[in-house]
Amino acid sequence: MNKKETSEIKKNFSDKSGFFIMERILTGFIDAEKNIRYQKTISCLTMPTDEHDIYDKTLKRVLNTNIGKNFCEYEFPNEAYEEGKPQEILYSLLKSELKDEAACENFLNHIANNFQYGEPYAVITAYCCYTVRQKDKNDEIYNDEDEIYRYIITAFCPVGTGNDGFMFDNSNNEIIRKFNTELIISQMPTDGFLYPVFSNRSSDINHVMYYAKSAAKPNISMIEDVLGCSFIMSAENEKASFQNILKDVVGDDLDYMVIKTINEKLQGVAEENKDDTDRTVIDNSKLKDILTDIGISKERVDMVEPVFEKVCGNVPLTVSNLIENKTILSASGITVNIKPDAADKIRTSVVDGRKCLLIDIDDPNIEINGLPVALT
């Protein structure tokens with residue numbers, strides 16, 4: 001799923017949409033010892049509005065449009081559809097529309113037995129339907145047979161007693177210590193997934209979207225043990241790997257202009273492929289082309305393939321995870337933040353034998369710590 005497709009599902013994740021309905025919700029509570037302490041399936045049609053709203057807000061957070069970072073697409077391996085395997089379990093749950101108690105129980109047992117979480121958590125799963133209006137190449141809706149996108153969305157919510165504090169005791173007119181003993185289910189899921197994916201405005205049962213509240217710390221157990229997919233590097237790790245490749249390949253030629261130009265090239269690649277369903281990636285071949293285009297020597301460009309394989313094992317990197325939205329220059333005791341539209345105003349040079357950072361100031365009105373400064 002790309003950002004546009006995710007945004008469409010998120011935008012229509014509401015009864016007010018007119019094209020969406022959340023039919024049933026499966027809830028489960030699993031303790032720290034992996035015991036399923038509670039399981040229930042309820043109809044959304046008879047649910048109180050305030051309760052329905054809480055489920056809506058919690059589940060909608062899984063539909064994160066930060067594609068490739070907080071919301072990543074994974075492909076199931078071929079064996080995942082075998083009986084008892086993750087894809088087969090999810091597909092059976094989807095087809096049951098949460099009406100089959102055995103399928104629901106099997107799903108929760110699979111999670112309880114395989115998910116490494118370390119503390120109590122709640123599982124909230126909804127069965128939803130979205131009417132997909134057909135669109136032409138100009139993105140205009142035309143009258144034709146609509147398709148129904150049926151999917152399940154699951155949120156994993158931590159459970160805790162909250163922070164103890166003070167309260168005012170009305171009966172004794174005093175401030176006393178409050179001890180929280182109720183197990184509160186957070187409305188901020190740490191993990192979640194959407195199955196099947198909404199690809200090319202249609203259903204794709206061979207892929208799943210995984211959500212992580214922290215893009216830098218995805219739960220690998222959710223990806224590999226629960227969903228049965230092979231983990232893809234986090235956004236943070238991808239960026240670090242790319243930086244290591246550049247340092248090893250470009251070496252002493254890695255200056256401000258080279259770094260700036262590489263970032264602009266990556267932005268161009270992302271823009272060219274912004275409507276693609278698949279994530280836009282860069283492999284050693286594309287990186288060689290970029291470095292050649294910006295004038296890096298053939299000797300260094302030839303180093304890309306072995307270095308890329310050493311760092312990433314030839315696994316392509318997600319372009320959106322490599323792009324810097326601002327430039328940060330750091331030196332001992334100095335940090336300069338540069339917005340994209342000001343990147344061309346920065347230069348590095350040698351003045352009187354000293355390495356210098358030069359900033360072109362077209363507007364003579366500048367401030368330091370909020371005070372106007374005169375340039376002489």
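Provided above is the structure to which this section pertains.
Residues numbered from 1 in each chain as written. Predicted model: local features only at pLDDT ≥ 70, side-chain atom pairs only at ≥ 80, totals over all residues. Heavy atoms only, no water.

**Concerning the overall build of the protein**
Put simply, the rule is: In DSSP terms, a helix is any run of H or I states spanning at least four residues, a strand is any run of E spanning at least two, and both are numbered starting from the N terminus. Here's how the labels work: a residue is buried when its accessible area is under 20% of the maximum for its type, exposed when over 50%, partly exposed in between, all with a 1.4 Å probe on protein chains only. Two residues qualify as a contact provided that any one of their heavy atoms is within 4.5 Å of a heavy atom in the partner residue. Only the protein chains shown count as cover for residues, and the accessible areas themselves come from Shrake-Rupley with a 1.4 Å probe.
What the protein contains, in helices and strands, is ten helices and 20 strands. With the C-alpha coordinates aligned to their principal axes, the bounding extent of the protein is approximately 75 × 65 × 45 Å. Expressed as a percentage of the 376 residues in the protein, the buried residues total 39%. Taking all contacts inside the protein whose residues are at least 6 apart in sequence as the whole, residues at least 24 apart take part in 64%. Element-wise, carbon and sulfur atoms account for 47% of the exposed surface of the protein, whose accessible area totals about 21500 Å².

**Here we look at the environment of C356**
Tracing the sequence through the fold places C356 in strand β18 (residues 354-359). When its relative accessible area of 26% is taken as the criterion, C356 is described as partly exposed. Ignoring sequence-local partners within four residues, the contact set of C356 consists of R347, T348, S349 and V351.

**What to know about the nonpolar core**
As a rule of thumb, soluble globular proteins bury nonpolar side chains together. Stated formally: In plain words, nonpolar cores are sets of buried Ala, Val, Leu, Ile, Met, Phe, Trp, Tyr and Cys residues tied together by side-chain atoms within 4.5 Å.
Formed by 35 residues in total, the largest nonpolar core has its most connected members in F107, I111 and F193. For this core, the leading source of residues is helix α4 (residues 101-114), giving six residues. Membership of the second largest hydrophobic core comes to 30 residues, among which are M1, V62, I67 and M209.

**Comments concerning the packing of aromatic side chains**
The line we're drawing: Between 30 and 60 degrees the pair is tilted, below 30 it is stacked and above 60 it is edge-to-face, where a pair is any two Phe, Tyr or Trp rings, Trp via its six-membered ring, whose centres lie within 6.5 Å.
Per the stated rule, a full pass over the model turns up 13 aromatic pairs. An angle of 45° between the planes, with centres 4.9 Å apart, marks the rings of F13 and F20 as tilted. When sorted by exposure, F13 lands in the same class as F20, which is buried. Each residue in the set F107, F115, Y117, Y121, F156 and F193 is aromatic and connected to the rest through ring pairs, giving one cluster.

**A short note on a nonpolar patch on the surface**
Put simply, the test is: Patch membership requires over 30% relative accessible area and the absence of a salt bridge. Like charges are linked within 9 Å, and nonpolar side chains (Val, Leu, Ile, Met, Phe, Trp, Tyr) within 5 Å. By convention in these notes, a salt bridge is any Lys or Arg side-chain nitrogen within 4 Å of a carboxyl oxygen on Asp or Glu.
A cluster of nonpolar side chains, namely L357, I359, I361 and L375, defines an oily patch on the protein surface of about 350 Å² accessible area. The residue L375 is located in the segment after β20 (371-373) in this model.

**A closer look at helix α7 (residues 256-272)**
Rules: In this scheme, a helix's expected span is set at 1.5 Å multiplied by one less than its residue total. The definition of a polar contact used here is a pair of N or O atoms within 3.5 Å, where within protein one atom must be able to donate a hydrogen and the other to accept one, and adjacent residues in sequence count solely through side-chain atom pairs.
Taking 1.5 Å per residue as the helical rise, α7 with its 17 residues ought to reach 24 Å, and the 25 Å between its terminal C-alpha atoms agrees with that figure. If you check which residues of α7 are buried, you get Y256, V258, K260, I262, N263 and L266. The opening residue of α7, the one whose side-chain oxygen lies 3.3 Å from the backbone nitrogen of M257, is D255.

**Details of the side chain of S221**
By the element assignment, S221 lies in helix α5 (residues 220-226). When near neighbours in sequence (up to four residues on either side) are disregarded, S221 contacts N114, F115, Q116 and V226.

**Re the pairing of strand β2 (residues 36-43)**
For a regular strand, the rule is simple: side chains alternate between the two faces of the sheet. This is how it is decided: At least two bridges found by DSSP between two strands is the condition for calling them paired.
Bridging between strand β1 (residues 20-30) and β2 involves seven bridges; their strand directions are antiparallel. Residue G28 lies in a different strand from β2, and its bridge partner there is Q39. With antiparallel pairing between neighbouring strands as the criterion, β1 and β2 make up a hairpin whose turn holds five residues, including K34 at a positive phi of roughly 70°.

**Considerations on unusual backbone geometry**
Along the chain, Y195 connects to P196 via a cis peptide bond; the corresponding omega equals -10°. Looking at the secondary structure, you find P196 in the loop between β9 (191-195) and β10 (197-199). One non-glycine residue, K34, lies in positive phi territory at about 70°. K34 gets classed as partly exposed once you look at its relative accessible area, which sits at 32%. Positive phi, normally seen in glycine, also occurs at N173, with a value near 50°. Along the polypeptide, N173 turns up in the loop between β6 (165-169) and β7 (174-178). Looking at N173, the relative accessible area reads 60%, which means it is exposed.

**A short note on the state of the cysteines**
The following threshold applies: Here, two cysteine sulfur atoms that lie within 2.5 Å of each other are counted as a disulfide.
Under the counting rule described, the total for this entry stands at zero disulfides. In this structure C128 is not part of a disulfide, and its nearest cysteine sulfur, from C44, lies 7.4 Å away. Look at C128 and you get buried, because its relative accessible area is 0%.

**What to know about the pattern of salt bridges**
Enumeration over the complete set of coordinates arrives at twelve salt bridges. Linking E97 and K99 is a salt bridge whose minimum nitrogen-to-oxygen distance equals 3.3 Å. With relative accessibility at 57%, the residue K99 sits in the exposed group. A salt bridge links D253 to R300, with the shortest nitrogen-to-oxygen separation between them at 3.2 Å. With D253 in the loop between α6 (235-250) and α7 and R300 in helix α9 (residues 298-301), the pair connects residues that are 47 residues apart, well separated along the chain. The structure contains a network of salt bridges with shared partners spanning E23, R24, E97 and K99.

**Some points on a negative patch on the surface**
The condition is simple: In summary, the charge assignment counts Lys and Arg as positive and Asp and Glu as negative, without counting His or the chain termini. For the purpose of locating charges, the reference atoms are NZ of Lys, CZ of Arg, CG of Asp and CD of Glu.
Residues D15, D50, E51 and D53 make up a contiguous surface patch of negative charge. The topology assignment puts D50 in helix α2 (residues 49-60).

**Looking at helix α1 (residues 3-11)**
Defined as follows: This arc corresponds to the set of directions leading from the helix axis out to the C-beta atoms.
Burial in α1 covers these residues: E5, T6, E8 and I9. Down the axis of α1, the smallest arc covering the buried residues is 155°, so these residues share one side. Turned more than 90 degrees away from the buried face of α1, the exposed residues are K3, K4 and K11. As for α1, its buried residues are in contact with β3 (71-75), β4 (121-132), β5 (147-160) and β10.

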